[in-house]
Structure formats: C-alpha cells, structure tokens
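Spelled out from the first residue to the last, the chains are:
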Amino acid sequence: MAEETENENNLVPANDRIIPINIEDQMKSAYIDYSMSVIVSRALPDVRDGLKPVHRRVLFGMQELGVTSGKPYKKSARIVGDVLGKYHPHGDSSVYDTMVRMAQEWSLRYPLVDGQGNYGSIDGDPPAAMRYTEARLKKIAEELLSDINKDTIDYQLNFDDSIEEPTVLPTRIPNLLVNGASGIAVGMATNMAPHNLSEVVDGIIAYIDNRDIEIDELMQHIKGPDFPTGGIIYGYAGVQEAFQTGRGRVVMRAKAEIETTKTGREQIIVTEIPYQVNKSDMIKRTADLVNDKKIEGISEIRDESDRHGMRIVYEIKRDGNASIVLNNLYKHTALQTSFSVNNIALVHGRPMLLNLKDMIYHFVEHRHEVVVRRTKFELAEAEKRAHILEGLLIALDHLDEVIQLIRASATPEDARVGLMEKFGLSDIQARAILDMTLRRLTGLERDKIKEEYAELMKTIDYLKSVLADEGLRMKIIKEELEEVKEKYGDERRSTIVHSAEDMRMEDFIEDEEIVITISHESYVKRTPLTEYRRQGRGGKGSLGSNTREEDFTEHIIIASAHNYMLFFTEAGRCFWLRAFEIPEGTRTSRGRAIQNIINIPKEEKIKAYIKVKNLKDQEYLENNFIIMCTKRGTIKKTSLEAYSRPRANGINAININEGDQLLEACLTDGNSEIVMALRSGRAIRFNESTVRPMGRTATGVRGVTLAGPNDEVVGMISVNNSEITVLVVSEKGYGKRTDIEDYRVTNRGGKGVKTINVTEKTGELVAIKDVTDNDDLMIINKSGIVIRIAVSELRVMGRATQGVRLISLKGDDEIASVTKVEHEDEENQENINNTDENTSETDESAQPEE
C-alpha cells in the first residue's frame, strides 16, 4: 500500500503550474478587461479631439502617406492597407467604413476626407469597393493634424511595438462639438450631436473671456445642434436639457412646404430630412402606410431629388387637407424622428457624462497644453539655431584666423577641437563652421546671417513671453479659433422652432364647431354645426336624427373638436373624451352607443357634460370649479383640479343618495351666481360662494326645497353677467325670456320664486338656459324634430307670464331637449324659409300671452 501511494505521488510533477481559479471570478475579471478595452480603445471618442482610435489612425495614416489636400488622390485600398498594417490590426471593412463615413456630407457636418468615386448615398446605397475609390484629406482635417510634429502630443507604440502612433491629435477644430460622435460600448453608449462651427467658436471665445459663464449664456452663442442634412429642430426643451445635463431628446423634423399646383391640387414638398434617416426607406414605408390606409389623403409619392438637391413630393387628394396629412406624416413616418443626446466621452481615459461647458472646458485645456508644448518646442528649436548662428558669427568675425586654423589642421577632428579650444565654441558650433560653404563667406551672405540672428532673438523673446503669460496663450488660442472660423465657418443648416409643443392629437384633426348629440338610449355622434339651418319662431322644424322607436335625442352639446368633454352620469360618475374622438355622423344618422367609446356601465345614462379647454394648465385647473346639482335639489362644488387626471373607467364625482340622481353640472370661476329651476315652475338664485368646495366623494348640500313629492329640479345655470336673460321652456313648446334681475338673490336651500306660470296649456317646466341676443336656440322634441330659432326674436317679459309658443308640436309630442348655439347671420344661411314644410308659421298661439 505504501509503495502504491509513493508511486502515485511521483506522478505529480514537482513544478506544478496549474492554479485552481473560481470560474465566476475569472469571468468577471475577463469581462471587465474586455469591456474596458471596448470603452477606451474602440467605442468612445476622446473629449480633446473628438475622435475614436480608428478615426485618429485613418487621419494620421493618411498624413503619413502624404495624401494631404494639395496632393493627388490615392487609392482607398492603399490607404486602408497602410492603416491596417501599421496601426489598426482589425478588419479592413472597419477602416474603410470609417473613411467612407468621414467623406459623406450627409453623415458629418464637416467632412474630414475628400473622396473621389462612389461613396454611397443618403438612400443607403453602399459605397464602391475600396479598389475603385480614391481619397485624400480635406483642408479642415489638416487643422486636426496641425503642429503634430512639434511635440504637441504624446505618442504610444502600435500593436507590435514597431512604430509610434499618436494618443490624441492636436486639433485646432473643436471636433467633438462640431462633428459629434456615436458609439456603443459595453454597459454604456454615446450619441453626440453635431453643431455649427461658427457658433461653437463664438461660444468657446465667450468661455475664454469669462470662465464663470453660465450654460444659458453659452446657449446665446451655441443655439443648438446643427445637423448636416438640415431640417428643423422641433421644440427647445430637449436641446436645453442636453446642454445643461449632457442628456436630452432633440426632436427633428423634415423641412416641408405646402404648394398649390396650377390645377389647384395641393402638394407637400420635402427638401430636407432628419439626420440619419434613409430617404428611400422612409419613402417606401410611407407608401406602405398609404396602401394600408394608416395615412389618408395622399394620392402619389415621388422622389424628384437630383444633383441640385433633395425634393420629395407628396401629392394630396382633391378632398384632402395638406396640413392634416403633413401632421400625420410627422406622426407616423421618419419625417419626424428624435436624436437622443448622450454626451459620454473619455476624459483622461475615463468615460464621463459631459454638459456643454464641460466639453468646451476640456477642449480649451487641450488647446492650452498644445500651445504650451508647441511654444516650448519652437523655443528649443530657435535656441538651437541661435546657438549655431552665434558660432557662425564668431567665425565670420575671426575669418582669417579660422581659415588658417583649418588649413593647418591635419584632420577635420583636429580642426574641430582646435576651433573649440581657440574660440570657446561648442561641439555643435564647431561642426557648423566646418560644414559652412565658401559662398557663406560673401558679404551678402554674412549680412543674411546677422539678420537671421536678430530676427531669431526677437522670436525667442516672444516665445519666452508666451510661456510666461497665460493671458497671451489664451489670446493665441482665440486668434487661431477666429482663423478657423474665417476659413471653415458657415451658416446654420438646421432651423430651430422654439415655441413647439409636444405632438398633440388635435394637430391631426381639423378644428371646427361641432354638434354632439346624445340620445335617450345613449347613442352619440358628432356633426358639423353648419349642417343645421336656422328657421323662424314657430316653425315645424327639420328632421334631426333617425332614432329607434322609443328613443329620442336627449342632449345637444355644442363644442369645438379640440375640447375635452367631461361626461357625468346619473349615478354621479365622471368620464373623459376628446370631442374629436366621438364618431362623426350625418344629421339624420343614429350614432354609436357611447358604451362602445368609453367604459360607461350600460345601466347608467349621461346626464351632464362640461367642455374643458385644457387639463394641463395648473392655474386654470385651480381657479375653476365644477358645480353639480341633483334632481332632489342637492348642490355640490369641487375644484376642476380633482378631474384633471383622466382614467379609462371613470371616477366618482358625487355621492348620490338613494332615490336621487345627478341632473346637471357646470364649470364656474368661483364668483358666479347659481339659478336652479323646478318642474313646478319655481326658481332660486343664490351666490356660488355659499357653497364651499368639497372633495370628489362628498354628497353636497341643499340647494333648493322642492314644492312637493312629485316636484324635481329640471335644470341649473351659473350666471356671472347681469346682461344675461333667463330662458325657460315648458314641455308643450312654450318659452320666454326674463331679466336675471327679476330673480332676487336669496339664501340657498329656499323655495325660490315663480319663473313661469305653469298651466295645462303650457305643461310643466322642462328646461332653463342663460341666453343673450347673440344666441340661437336649438330645440329637439321626442319625435326627433329639430328647430333652430334666434333668441333675439323672443322679447323679454316678466317672471309670472306663461310665455310664447316656440315650436308647433303634433299630437302628444313633447319637447325633449333645449340648448343654445352661437348666432349665425342671415347671409350665411342657405335655403331658409324656402320650403313649405320649413316656413315660419306664426299663429295666434305664437303671440305673447300674459
């Protein structure tokens, strides 16, 4: 046994190098190494020159190869091969793709490579293979490389330690800001927008003049991104956020104009598209949306772009509205896209999120270092040259002795040593004297040496003063930036629309006055207000909607298509709907069940509505109130703010007692007077201030005392104008106007005063409205007949009268609903009083009856 164990032990090598490692730790460290390599050596730009390693290597390689802007083009394959073999040991496509992008005018705001041949297109066409294309540096790219040979930057060894490559370029151009950058690293990404060179230079100079400058002040110079493809920056909030924080969403829109052709058809002409959008893909996807009927109103799309510029034409159908089509294009296609700014760049080799001022600060610091190093290099070179010239001048002053010494020397070495000993010269000076040609001994050449030395001494003094004075160095940076701006600065391409709001649904819907009708069985529709004609008082009316048997129109709501509608059900719940979301129908169509549009329980009926302009304006919400009343005379007031957050399933607006139901709701500013009318013909007027605001779930307080068990409230109005007259209508078609001042203000909860003399002839009260001479009345009876009359035709009379006949009813027909609409002028009406059925019939019953 012992022998076996010994033999086994002998099998294990003594110099065992296998180290057990936890695989989880190894994965972590390997992945971190990989991710840091991607972050630092591939995906993120350096904050100083705005370049990733591959861009820097391409530009440096091209300069080393001598393909500068003044030299002939060289084959792209040769440039790629050189960069590949010396600096960038990756795929040739990565180098060529980089070079191609730096040559594309629609990719870079200021292209750095001058390409000759097929370099692709904005339609996404690929460039020709590198064996066919040629390239050289653009003039502006030489500004990135200027002074590179003056020890302005640090070098590092390339991948095989055979040659050196720059770690950064000594750029005069603020390239990170003007050309932007994008890249995906591991765990982080960068997306920087391009900017206008002239604006950026102005901003940097403003920063140099005042280091404490605020970003808002910088933004007076640098207005926002400036994309190579132009277009419109839609809205400024994202730009501000990006400048302030380094992150933000910039909305870009195509530049589009609406033109009318000779035939009267409208066209949308697009001349600039958002940055990084593929034109042909965009057109193809738009055509697909048109075919799928997701976008309507377009009859044809043509791409008429040529070498003179871009032109995409959208032909609009004859019945189409170009503005609405354009808004739909912005919503559904790449005519509007967003650029998500994420300013992450390498600062001293570490990724950092940078705002506008940070990027300017780092560029100025880099330029300062470059100027200092360049000045030191130039000073050293000048001092070297001055040292040699001093030696030459000594030799020229003792010319005969020098010549004699040289002739007497056996070897050049003896001559060199002799010169050093006799005249106190350095080794470099002695060698320079020995290398001097005979022509330098002529009088003219001697004067040239003296002039050169004098100039050199001035240069040395200037360079020393630069190194001693930071203000002077900053002045140099500013002058060089001004020079860059003078040479390469241009006009802004992207325009900024400052006042833009977020895209809203109403931008796609034409705003118009509409009539919303809701039937007794809760069928709803919207109809343009122009479909209704006004008639004389006492007319028989025109046919309204074709309702089902036993159904009739109960609510008529006049609204703008862009209003918010708040619907209140008899059970006290509130639901929201935009007016344009209600399906459109003709005047005679039945409409759609409201339960199919919003989640109203089938057993609940809509009892009241409120038009609200806006649910986003906090001041508007806090200074307006909703007042509700129930059939049993309860009243309640709540701030509009409580109803500003729409929910799909509605919310509780008021707590309803058993046997009661919500009847009416209205919007007030808190300073109104409330008038409530009873079926028995009485009405009460009191100040809104007597009702304190309550929460949504409260029941409310007593508004009016009913006359009996069968009495109930028929309506409520809020009044804040003494010129208002009160209109009441009875169920048998009688109505009248009375001055609001005829109703004295009392405490809430009382029995009120008589508002109409209720008789068997008039029937009980069914409606109360606040009207002026500028209103028209729309009256609908239970059989669906509609009549429209001018309120100005009704004279104002006392409270206790029974009024005049407003509408002729047939048989047992009764009035179902009354609403007021804006008055229309006679000349705007068509076909009024031109048919037998619709003539204004005035009989003795239409005369006032006291």
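The model shown is predicted, which means the values in this text are computed figures rather than measured ones.

### Some remarks on the overall build of the protein
- Along the backbone of the protein there are 19 helices and 41 strands.
- Each of the three principal axes of the protein carries a C-alpha extent, and together these read 150 × 100 × 55 Å.
- Within the span of the protein, comprising 850 residues, buried residues form 50% of the whole.
- Partitioning the intrachain contacts of the protein with sequence separation of at least 6 by distance along the chain shows that 73% fall at a separation of at least 24.
- Split by element, the accessible area of the protein, about 41,100 Å² in all, is 46% carbon and sulfur.

### Quick notes on the side chain of Ser-718
- Position of Ser-718 relative to the elements: it lies in strand E33 (residues 713-719).
- In contact with Ser-718, other than residues within four places in its own chain, are Cys-666, Leu-667, Thr-668, Ser-672, Glu-673, Ile-674 and Asp-770.

### Digging into the pairing of strand E10 (residues 255-260)
- In this structure, E10 lies alongside strand E11 (residues 266-272), joined through six bridges in antiparallel fashion. Across the sheet, the residue bridging to Glu-257 is Ile-269, located in E11.
- The antiparallel pairing of E10 with E11 creates a hairpin that spans five residues between the two strands, and Gly-264 there sits at a positive phi of about 95 degrees.

### Quick look at the pattern of salt bridges
- Using the criterion set out here, one finds 52 salt bridges in the structure.
- We note a salt bridge from Asp-123 to Lys-279, for which the minimum N-O separation is 3.1 Å. Residue Asp-123 is found in the loop between strand E2 (113-116) and strand E3 (134-137), and its partner Lys-279 is found in helix H11 (residues 279-291); the two are separated by 156 residues along the sequence.
- The exposure class assigned to Asp-123 is partly exposed, which follows from its relative accessible area of 22%.
- Where Asp-202 meets Lys-485, a salt bridge forms, and the shortest distance between an N and an O atom there is 2.8 Å.

### Some points on the domain arrangement of the protein
- Once the domains are mapped, the protein shows domain 1 (52-166), domain 2 (255-334), domain 3 (367-488) and domain 4 (510-534 + 549-612).
- Here the C-alpha centre of domain 4 lies 94 Å away from the C-alpha centre of domain 3.

### Brief notes about the sheet that holds strand E27 (residues 634-639)
- Ordered by their spatial adjacency, four strands build an open sheet running E29-E26-E27-E32, and the pairing between neighbours is antiparallel. Sheet topology places strand E29 (662-668) and strand E32 (701-702) at the edges, where each strand pairs with a single neighbour.
- Alignment of strand E26 (residues 625-630) against E29, held across six bridges, turns out to be antiparallel. When the sheet's bridge partners are listed, Cys-629 is paired in E29 with Glu-664.

### Here we look at the packing of aromatic side chains
- Overall, the coordinates contain seven aromatic pairs when judged by the stated rule.
- Through a chain of ring-to-ring contacts, three or more aromatic side chains come together here, namely Phe-60, Tyr-87 and Tyr-155.
- The ring of Tyr-73 has Arg-136 sitting right over it, with the charged end atom 4.1 Å from the ring centre.
- The ring of Tyr-330 carries Arg-253 above its face, with NZ or CZ at 3.9 Å from the centroid.

### Considering the layout of surface pockets
- Computed from the structure, the second largest pocket encloses a volume of approximately 630 Å³.
- In this structure, the second largest pocket is lined by 31 residues; those nearest its centre are Val-40, Ser-41, Arg-42, Lys-52 and Pro-53.
- Put simply, the parts of the chain that give the lining of the second largest pocket at least two residues each are helix H2 (23-43), helix H3 (53-65), helix H5 (92-101), strand E5 (164-166) and strand E6 (181-184).
- Considering each element in turn, the lining of the second largest pocket owes the most residues, seven residues, to H2.
- Per-class residue counts for the lining of the second largest pocket are twelve nonpolar, twelve polar and seven charged.

### Quick look at the sheet that holds strand E1 (residues 74-75)
- As summarised here, the arrangement of the three strands in space is E1-E3-E2, forming an open sheet in which the pairing is antiparallel. Whereas interior strands pair on both sides, the edge strands pair on one side only; in this sheet they are E1 and E2.
- Relative to E3, E1 is paired through two bridges, and the arrangement is antiparallel. Looking across to E3, one finds that Lys-75 is bridged to Glu-134.
- On top of the sheet, H3 reaches E1, E2 and E3; it is set at about 90 degrees to E3, its chief contact.

### Considering the nonpolar core
- Leu-59, Met-62, Met-99 and Ile-360 are the most contacted members of the largest nonpolar core, which has 82 residues in total.
- Shared between two domains, this core takes at least three residues from each, and those domains are domain 1 (52-166) and domain 3 (367-488).
- Residues Leu-379, Ala-432, Ile-449 and Leu-463 belong to the second largest nonpolar core, which totals 23 residues.

### Re the side chain of Ser-644
- On the secondary structure map, Ser-644 appears in the loop between E27 and strand E28 (651-652).
- Given a relative accessible area of 9%, Ser-644 falls into the buried group.
- Here Glu-641 takes part through its backbone oxygen, which lies 2.8 Å from a polar atom of the side chain of Ser-644.
- Polar side-chain contacts of Ser-644 include one of 3.4 Å to the side chain of Arg-645.

### Some remarks on H5
- Those residues of H5 lying buried are Val-95, Tyr-96, Thr-98, Met-99 and Val-100.
- For H5, the elements touching its buried residues are H3, helix H4 (76-86), E2 and E3.

### A closer look at the state of the cysteines
- Taken as a whole and assessed by the stated rule, the structure comprises zero disulfides.
- Distance from the sulfur of Cys-574, which forms no disulfide, to the nearest cysteine sulfur (Cys-666) is 14 Å.
- Among the residues examined, Cys-574 registers a relative accessible area of 0% and is labelled buried.

### Looking at unusual backbone geometry
- In the Ramachandran plot, Asp-161 falls in the positive-phi region, its phi being about 60 degrees despite a non-glycine side chain.
- When you line up the elements, Asp-161 lands in the loop between strand E4 (155-157) and E5.

### Topic: the environment of Gly-681
- Structurally, Gly-681 is set in the loop between strand E30 (673-678) and strand E31 (682-687).
- Placed 83 residues apart in sequence, Gly-681 and Glu-764 show a C-alpha to C-alpha distance of 6.8 Å.
- When neighbours within four sequence positions are excluded, Gly-681 is seen to be in contact with Val-753, Lys-754, Thr-755, Ile-756, Val-758 and Leu-765.

### Some details on empty space enclosed by the protein
- In total, this model carries seven cavities of 30 Å³ or more according to the counting rule given.
- Taken as a whole, the largest cavity holds about 70 Å³ of empty space.
- Forming the walls of the largest cavity are Ala-193, His-195, Pro-225, Val-239, Ala-242, Phe-243, Val-250, Val-341, Asn-343 and Met-359.
- In terms of residue count, helix H10 (residues 237-245) provides more of the lining of the largest cavity than any other element does, three residues in total.

### Looking at a negative patch on the surface
- Taken together, the side chains of Asp-212, Glu-214, Asp-216 and Glu-217 present a region of like negative charge at the surface.
- Its place among the elements puts Asp-212 in the loop between helix H8 (197-209) and helix H9 (215-218).
- Judged by its relative accessible area of 63%, Asp-212 is exposed.

### A few points about the packing of helix H14 (residues 399-408) against helix H15 (residues 412-423)
- In the contact formed by H14 and H15, the axes pass within 9 Å of each other and the chain directions differ by 145 degrees. Considering only the axes of H14 and H15, their crossing is right-handed. Residues Glu-401, Val-402, Leu-405 and Ile-406 of H14 lie in contact with H15, whose contacting residues are Ala-415, Gly-418, Leu-419, Lys-422 and Phe-423.
- Taken together, the residues of the contact of H14 with H15 break down into six nonpolar, one polar and two charged.

### Brief notes about the environment of Ile-258
- Within the fold, Ile-258 resides in strand E10.
- Considered as a pair, Ile-258 and Arg-57 are 201 residues apart in the sequence and their alpha carbons are 47 Å apart.
- Residues within four places of Ile-258 in sequence aside, it is in contact with Glu-266, Gln-267, Ile-268, Ala-322 and Ser-323.

The rules behind the values
In every chain, residue numbers begin from 1 and rise along the written sequence. Where local features are concerned, this predicted model is filtered to residues with pLDDT of at least 70; where side-chain atom pairs are given and counted, the filter is 80 or more; whole-chain, interface and lining totals use all residues. For side-chain calculations, the full set of non-hydrogen atoms in the structure is used, while hydrogens and water are omitted. Labels follow the DSSP assignment, with helices taken as runs of H or I lasting at least four residues and strands as runs of E lasting at least two, numbered in each case from the N terminus. Only protein chains enter the accessibility calculation, which uses a 1.4 Å probe; a residue is then buried when its area is under 20% of its type maximum, exposed when over 50%, and partly exposed in between. Contacts were defined at the residue level, with two residues in contact if any of their heavy atoms lie within 4.5 Å. Accessible areas in this description were obtained via Shrake-Rupley with a 1.4 Å probe; residue shielding takes into account the shown protein chains only. The pairing criterion is simple: DSSP has to find at least two bridges between the two strands. Criterion for a salt bridge: a side-chain nitrogen of Lys or Arg within 4 Å of a carboxyl oxygen of Asp or Glu. In this entry, domain limits derive from an automatic or database-based domain assignment. Pairing of aromatic side chains requires ring centres within 6.5 Å, counting the rings of Phe and Tyr and the six-membered ring of Trp. Pairs whose planes differ by under 30 degrees are stacked, by over 60 edge-to-face, and all others tilted. Two limits define a charge over a ring: the Lys NZ or Arg CZ must be within 6 Å of the ring centre, and within 35 degrees of the ring normal. Two kinds of site are reported from a 1 Å grid over the protein atoms alone, namely cavities, where a 1.4 Å probe fits but cannot get out, and pockets, open sets with protein on both sides within 12 Å along at least five of seven lines, and residues are called lining when an atom falls within 4 Å of a point. Grid points are joined across faces, edges and corners, and a volume is the space filled by probe spheres set on the points. Three classes are used: nonpolar for Ala, Val, Leu, Ile, Met, Phe, Trp, Tyr, Cys and Pro, charged for Asp, Glu, Lys and Arg, and polar for all others, with Gly counted as polar. For helices, the fitted line uses only the C-alpha atoms of the stretch in contact; every axis is such a line through C-alpha atoms, and the angle between N-to-C directions lies from 0 to 180 degrees. In plain words, nonpolar cores are sets of buried Ala, Val, Leu, Ile, Met, Phe, Trp, Tyr and Cys residues tied together by side-chain atoms within 4.5 Å. Definition of a polar contact: a pair of N or O atoms within 3.5 Å, with one able to donate and the other able to accept a hydrogen when the atoms are protein atoms, and with sequence-neighbouring residues admitted only if both atoms are side-chain atoms. We call a pair of cysteine sulfur atoms a disulfide whenever their separation is within 2.5 Å. A patch consists of residues whose relative accessible area exceeds 30% and which take part in no salt bridge; residues with like charges are grouped when within 9 Å of each other, and nonpolar side chains (Val, Leu, Ile, Met, Phe, Trp, Tyr) when within 5 Å. Working convention for charge: Lys and Arg count positive, Asp and Glu count negative, and His plus the chain ends are omitted. By convention, the point assigned to a charge is CZ for Arg, NZ for Lys, CD for Glu and CG for Asp. The sense of a crossing depends on the near helix, which, turned anticlockwise from the far helix by less than a right angle, makes the crossing left-handed and, turned clockwise, makes it right-handed.

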